[in-house]
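Report on the structure
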Amino acid sequence: MNIGKLRASWAKVGVAGLPYQLDKYYTPSDFIGSVLTPGTYPNPLLKPEDNTNIEAGMDFSVLKNRLSYNVTLYQNDTDNQIITIPTLLEIGYSNRIINAGKVRNRGVEMSMNAMPFKTKDFSWNVSANWTLNRNKILTLPDEFAGESSYTISTVAGVLYYNAVVGGSLGDLYGFKLVRNADGQVVYDATTGLPSRPDRVEKVGNAFPKWRAGFQNDFKIKNWQISFSFDGQYGGMAYSQTHHKMSEQGKLENTLMGRDNPSGTIVGQGVVLNPDGTYSPNTKAVGLAAYYGDYYRRANIETNTFDTSFIKLRDARIAYSFSKDVIAPLKLTELTLAVFGKNLWMWTKFPMFDPEVAALNDSTITPGAEIGQLPTARTVGFQVNLKF
């Protein structure tokens, strides 16, 4: 063993809020000589957030530092969070700022670096990392003590980020399909379309269970080859693009019933009988009406998908000419390389890229995809010269 280390730390710091939250300030208007009154009621008694962190870990290196490994365990508690909550419009403001709520994050971070082979003409270096984080809401603001949840934000008016004691930040809520005790979809006997629920339910969480990365670097005489993979497991995202394209019949999931001579389809499920029992659904409806309703914008269940993925994030192949070859050119180094980024991806997410987030009121919100564009793939050629 070359290096062995055990480490631990405890820290507590205050995190300040944004400027102009303690007093009332006006902002210039588009009309010369006038100002705008703020929509958020200030709080002169606002305190900084309390952030308490406990961390412990281990580092070691063996075999002449050709294998090194470190692991870190942490717990981070955030108390007295600075949050904005709605208020009665009669007082002249739409929101106010308070200190409330407590959130805990616990996790593990691991990394490894190894050099399995090292000779004059060949070497291989490999590194990997793996991270896991679990988030838990411990308390909510007193103003919401009697309620089951607190809506932190919404996207597109249909996807809700609700905070529930014992739940997690990033929990996604929305309308789902109505199902019976056996899990069968319940249809409206009159319309033949899925029954509408009367409340939102949890659909999943925007954040993955864990993330990982893997990097390889090879050197074979004058050649250098490197590539890296990374990915994540778990996590969910709502796709409004999937809703719109399904509504328009542009995805494979709308092929069922396309060849029916009548142009209708019978939804697979049951209907609720007057006596409380269920019987198979037999009501036929038009294809456009069926798919437009089954994948409607407000149906979060049918438009939300797993965002697990594996990506070949980047790759590079380079060749460095030997000095005796480039000496007549009066060069000290000449390297030619071909590289690429986002070259390959595996995922079950039906749209372009599972690494999605929506810009919601100037805030980047994970777990929502609203009209995303395809991720760009880059391929390039590189020449390095040294005189």
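Up top you'll find the structure we're talking about.
Below, the structure is looked at part by part. Keep in mind that what you see is a predicted model, and the values were worked out from it rather than measured. (Residues numbered from 1 in each chain as written. Predicted model: local features only at pLDDT ≥ 70, side-chain atom pairs only at ≥ 80, totals over all residues. Heavy atoms only, no water.)

1. Topic: unusual backbone geometry
Our working rule: Helix numbering and strand numbering both begin at the N terminus, where a helix is a DSSP run of H or I of at least 4 residues and a strand a DSSP run of E of at least 2. Three labels apply to residues, based on accessible area from a 1.4 Å probe with only protein chains included: buried if under 20% of the type maximum, exposed if over 50%, partly exposed otherwise in between.
Its identity as a non-glycine residue notwithstanding, Lys 64 has a phi of 55°, on the positive side. Its location among the elements puts Lys 64 in the loop between strand E5 (49-62) and strand E6 (67-86). For Lys 64, a relative accessible area of 74% puts it in the exposed group.

2. Here's the deal with the pattern of salt bridges
Pairing of side chains with opposite charge becomes possible as their charged atoms draw close. Our working rule: The rule for a salt bridge is simple: a side-chain nitrogen of Lys or Arg has to be within 4 Å of a carboxyl oxygen of Asp or Glu.
Per the counting criterion, the structure on display carries 12 salt bridges. In this structure, Arg 313 and Glu 355 form a salt bridge, with 3.1 Å as the shortest nitrogen-oxygen distance. With Arg 313 in strand E22 (residues 309-320) and Glu 355 in the loop between strand E23 (333-347) and strand E24 (357-360), this pair connects stretches of sequence that are 42 residues apart. Exposure remark for Glu 355: the relative accessible area of 37% places this residue in the partly exposed category. Lys 386 is the salt-bridge partner of Glu 333, the closest N and O atoms lying 3.7 Å from each other. Here Lys 386 lies in strand E27 (residues 378-386) and Glu 333 lies in strand E23, a separation of 53 residues in the sequence. The exposure class of Glu 333 is partly exposed, given its relative accessible area of 30%.

3. Re the sheet that holds strand E9 (residues 150-155)
So the rule is basically this: Each pair of strands is called paired provided DSSP finds at least two bridges between the two strands. To obtain each axis, a line is fitted to C-alpha atoms, and for helices this fit is confined to the stretch in contact; angles are then taken between N-to-C directions over 0 to 180 degrees.
Strand order in this open sheet of four strands is E9-E10-E11-E13, and the pairing throughout is antiparallel. The sheet terminates laterally at E9 and strand E13 (201-205), the two strands that pair on one side only. When the angles between neighbouring strand axes are averaged without regard to direction, this sheet yields 35°. Sheet analysis places E9 next to strand E10 (residues 159-163), joined by five bridges and oriented antiparallel. The residue of E10 that forms the bridge with Ser 153 is Tyr 161.

4. Here we look at the packing of aromatic side chains
Two aromatic rings are characterised by how far apart their centres lie and by the angle between their planes. We count it as follows: Under the pairing criterion, centres of Phe, Tyr and Trp rings, with the six-membered ring standing for Trp, must be within 6.5 Å; the plane angle then separates stacked pairs below 30 degrees from edge-to-face pairs above 60, leaving the rest tilted.
Going through the model one piece at a time under the given rule, you end up with 18 aromatic pairs. Where Phe 117 meets Phe 122, the ring centres are 6.2 Å apart and the plane angle is 55°; that geometry is what we call tilted. When the ring of Tyr 290 is compared with that of Tyr 291, the centres are 5.1 Å apart and the planes differ by 75°; the resulting orientation is edge-to-face. Of the residues examined, Tyr 290 reaches a relative accessible area of 4% and is grouped as buried.

5. Examining a nonpolar patch on the surface
For clarity, the cut-off: What goes into a patch is any residue over 30% in relative accessible area without a salt bridge, connected to like charges within 9 Å or, for nonpolar side chains (Val, Leu, Ile, Met, Phe, Trp, Tyr), within 5 Å. With residues, only the protein chains shown are counted as cover, and all accessible areas are computed by Shrake-Rupley using a 1.4 Å probe.
Nonpolar side chains collect at one region of the surface, where Leu 336, Val 338, Val 379, Phe 381, Val 383, Leu 385 and Phe 387 lie side by side and expose about 720 Å² of accessible area between them. Residue assignment for the nonpolar patch shows that the elements contributing at least two residues are E23 and E27. It is E27 that provides the largest number of residues to the nonpolar patch, a total of four residues.

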